[in-house]
Amino acid sequence: MKDKTIDYILRTTWLAVNKMYNEEAAKFDSTMATGFALLSIDPEKGTPSTSLGPKMGMEATSLSRTLKTMEEKGLIIRKPNPEDGRGVLIHLTEFGREKRAYSREKVLTFNETIRANVTEDELKGFYKVAEVINNMISNKQIYNQNEHSIK
């Protein structure tokens, strides 16, 4: 893998993880996006719909589609936000809590399996590199919008 670019390794690894989670979720008539949404919703207080997108890194249209499907399957219900009359809180149904527990179990199994196969130092290095990449992207340190415009 040494001759592969960093973005190539990130992309192919993420695609493999995505495929793995979707294959597991399909066994229970679900998707990775649904599982991720279930894990992102506060099971006790619910979660404002406006904070779910940024929390999950999803665009509003994709999130709307996911939430609509989840509502149709009886995983979530929408309730008015008592603190913001214009807002909506997404709450898990009992069925949603069951599916959330399943999703959590799958994520924990993935994490435990990876941890069992890499050293603590390797994992710390992975986290550090991911943090550097995310910070550099967030701070526009790779491509400065003004510097690289096509003329």
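Here, the structure is the one placed above.
Computed from a predicted model, the values in this text were never measured in an experiment.

A. Just helix H3 (residues 49-56), in detail. Those residues of H3 that sit buried are Leu52, Gly53 and Met56. The buried residues of H3 all sit within an arc of 95 degrees when viewed along its axis, so they share a single face. Across H3 from its buried face, at more than 90 degrees, point the exposed residues Thr50, Pro54 and Lys55. Residues of H3 that are buried sit in contact with helix H2 (32-40), strand S1 (47-48), helix H4 (60-72) and strand S3 (84-92). Directly after H3, the chain includes Gly57, whose backbone phi takes a positive value near 70 degrees.

B. Quick peek at the nonpolar core. Of all hydrophobic cores here, the largest spans 12 residues; its members are Ala37, Leu38, Ile41, Leu52, Met56, Leu63, Leu67, Met70, Leu75, Ile76, Ile90 and Leu92. Listing elements by their share of this core, those giving two or more residues are H2, H3, H4 and S3.

What counts as what
Residues numbered from 1 in each chain as written. Predicted model: local features only at pLDDT ≥ 70, side-chain atom pairs only at ≥ 80, totals over all residues. Heavy atoms only, no water. Buried < 20%, exposed > 50% of the residue type's maximum accessible area, 1.4 Å probe, protein only. Helix = DSSP H or I, 4+ residues; strand = E, 2+ residues; numbered from the N terminus. Arc of directions from axis to C-beta. Contact = heavy atoms within 4.5 Å. Core = buried A, V, L, I, M, F, W, Y, C linked by side-chain atoms within 4.5 Å.

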